[in-house]
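# Coordinates in review
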Amino acid sequence: MKVQKLNYPQFNETLYRTTLFNGLTVNLLPREDFHKTYAVMTTNYGSVDTQFVNSQGKQVDVLAGTAHFLEHKLFEKEDHDAFDVFGEYGANVNAFTSFTKTSFLFSTTQNLSKCLETLLDFVQEPYFSTQTVEKEKGIIGEEISMYDDDADWQLFFGILKNLYPKDPLSVDIAGTKDTIAQIDPQVLYDCYNEYYQPANMDLFVVGGFDLTEVLDVIEADQAKKDFNAFQNNNELPLFLGKSGSDIRTFAEKTLNVTRPKSMIGIKGMQETPQKRAGLKYKLELELGLYLLFGESSLLFQELFQAGIVDDSFNYELEMERGFHFAVISGDTFRFEEMEERIKKTIAHAPEILANSSTELELAKKEFLGQYIQAQNSLESIANGYDGKLFDHATLFDYAELVPQVSLADVCAAIERLFRPQVISTFRVMPVNEEK
């Protein structure tokens, strides 16, 4: 087994990476001074993966919420629950599903080998029965109902429905009560067999452990299992309607909130660059958005001093497999003024950024400081790994890129993202708000 040694002398870190015989990518980052170890196992499969071509060449349509449903059900086996096993070993365990990934994780200060074997086994040995699947529908249904009343969640998915009305990105990660009602064990097995193959997965372990011992545990566990050949058919493009004609420019809904919530979304209409160029593009956008909408930006300072916004004002960039978008939001009674100023900033972004060389250098120092601080967190290091999206980039690669970004790079990235026809507004209004 060939192990690649990746040195980051600037941060005094060494990452070990290997690909096992079955295609599983393994990243190991030993840290001598740590007692805790954190591990996360991820499959390149999330809520947006609603179609695949099976081994017979037939297209299979996947019900919304299936990836999230699978995440829940993998813990439960015929005669035990993986949560209980980790508890006996003194470890904390959890999982999460995003648009493009499903991850299973644990942290522990003891019984590391047993915990690693348990993680690999419960993820790679599925068991689904009609009885347990039906029971889970009620649990996930309650989760969906809970998010129906979450104003911030509704605001976020409201803007996604505006930006991506024809794409699975606009559907809640948990699905809907109607879609999960149709899930049965066979649906789960079909999707599991398609996506939960080692070649479509990765494992990241960081903390206080012996490198050779952990490698031996992982390799021995994988050697005793057989897997189907992975068909890489889940690279679905989500940037449909490139003219922007499918985008809804405005929508709103009423909920039990005390103040209106407004969010402006900007849809990335072009494919992101591949490999590390994509990572650099993401960093350029993050820096540009920070200069335009961050707490030190002229826009925020003016809006804050005028009493139009408070510390609820925020921006976010999402960039995953097949899509990217930015959102700017705030809670305010003066939402129309906020929206107008945001749109004006978007329209004049090139001129604003052209004179921001000093601000950019300060922003780069702040970003670098945040990346260095994040290296103190085992969770941040492991969860910051993007898998194959940016050619296996890590938190350390992000940090090394920061000094390379120029003002011209930032301006070009922002101009690429900001186009008038891809801007939309969504509001969550108080129930009794007068129009």
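Every value quoted in this text rests on a predicted model; they were computed, and no experiment measured them.

About the criteria used
For every chain, the first residue of the written sequence is number 1, and numbering continues from 1 onward in sequence order. Residues qualify for local features only when their pLDDT is at least 70, as the model is predicted, and side-chain atom pairs are given and counted only at 80 or more; totals for whole chains, interfaces and linings, by contrast, use all residues. To obtain the side-chain values, all non-hydrogen atoms of the structure were used and water was disregarded. A pair of strands counts as paired when DSSP detects no fewer than two bridges linking them. The way it works is that DSSP assigns letters per residue, a run of H or I at least four long becomes a helix, a run of E at least two long becomes a strand, and they are numbered from the N terminus. Only the stretch in contact is used when fitting a helix axis, every axis being a line fitted to C-alpha atoms; angles between N-to-C directions are given from 0 to 180 degrees. Whether two residues touch is decided by their heavy atoms; if any such pair falls within 4.5 Å, the residues are in contact. Definition used for salt bridges: Asp or Glu carboxyl oxygen within 4 Å of a side-chain nitrogen of Lys or Arg. Here's how the labels work: a residue is buried when its accessible area is under 20% of the maximum for its type, exposed when over 50%, partly exposed in between, all with a 1.4 Å probe on protein chains only. The rule is short: rings of Phe, Tyr and Trp, with Trp giving its six-membered ring, pair when the centres are within 6.5 Å, and they are stacked under 30 degrees, edge-to-face over 60, tilted in between. Distance and angle both matter: a charge sits over a ring if NZ of Lys or CZ of Arg is within 6 Å of the ring centre and within 35 degrees of the ring normal.

Turning next to the sheet that holds strand S8 (residues 102-108). Across the sheet, which stays open at both edges, the 7 strands sit in the order S1-S2-S3-S9-S4-S8-S7 with mixed pairing between neighbours. The sheet is open, and its two edges are formed by strand S1 (4-8) and strand S7 (92-97), each paired on a single side. Across this sheet, the average inter-strand angle for adjacent strands is 15°, counted without regard to direction. Both strand S4 (residues 37-43) and S8 contribute to a ladder of 7 bridges, which runs antiparallel. Looking across to S8, one finds that Met41 is bridged to Phe104. In this fold helix H3 (residues 112-124) packs onto S4, S8 and strand S9 (201-207), with an angle of close to 160° to the strand it touches most, S8.

This next bit is on the pattern of salt bridges. Applying the stated criterion across every chain yields a total of 20 salt bridges. Salt-bridge contacts for Asp397 lead to Arg276; the nearest nitrogen and oxygen are separated by 3.4 Å. Within this pair, whereas Asp397 is found in helix H15 (residues 395-401), its partner Arg276 is found in helix H9 (residues 275-293), the two being separated by 121 residues in sequence. The exposure class of Asp397 is buried, given its relative accessible area of 8%. You can call Arg276 partly exposed: its relative accessible area is 31%. When salt bridges with common partners are traced through the structure, they connect Lys73, Glu76 and Glu136 into a single cluster.

The next thing to look at is the packing of aromatic side chains. This model, assessed by the stated rule, comprises 28 aromatic pairs. Residues Phe104 and Phe122 carry aromatic rings whose centres are separated by 5.7 Å and whose planes lie at 85° to one another, so their mutual orientation is edge-to-face. Taken as a pair, Phe104 in strand S8 and Phe122 in helix H3 lie far apart in primary sequence, 18 residues in all. Exposure class is identical for Phe104 and Phe122. Each is buried. Aromatic side chains Phe156 and Phe325 sit 6.1 Å apart centroid to centroid with 45° between the ring planes, which places their arrangement in the tilted category. In this pair, Phe156 sits in helix H5 (residues 151-163) while Phe325 sits in strand S13 (residues 323-331), placing the two residues 169 residues apart along the sequence. The two residues Phe156 and Phe325 agree in class, both being buried. Each member of the aromatic cluster is reached from another via a ring pair, and the members are Tyr45, Phe52, Phe75, Phe83, Phe86, Phe104, Phe106, Phe122, Tyr192, Tyr195 and Tyr196. Between Arg416 and the ring centre of Tyr281, over which it is positioned, the NZ or CZ distance is 4.9 Å.

Pairing between the strands of a sheet comes from backbone hydrogen bonds, and it takes one of two forms, parallel or antiparallel. Pairing within the open sheet is mixed, and its 5 strands lie in the order S10-S14-S11-S13-S12. The open sheet terminates on both sides in strands that have one partner only, identified here as strand S10 (250-255) and strand S12 (314-320). The mean inter-strand angle of the sheet, taken between neighbouring strand axes irrespective of direction, is 20°. Strand direction decides the pairing type here: S12 and S13, joined by 7 bridges, are antiparallel.

Attention now moves to the pairing of S4. Here S4 lies mainly inside the structure; 7 of its 7 residues are buried. Residues Thr37, Ala39, Met41 and Thr43 point to one face of S4 and Tyr38, Val40 and Thr42 to the other, with burial holding for every one of them.

Even without being glycine, Asn12 reaches a positive phi, approximately 55°. One can find Asn12 in the loop between S1 and strand S2 (13-19). Its relative accessible area of 73% is what places Asn12 among the exposed residues. A positive phi is found at Lys275, a non-glycine position, where the angle reads about 55°. Relative to the helices and strands, Lys275 is located in helix H9.

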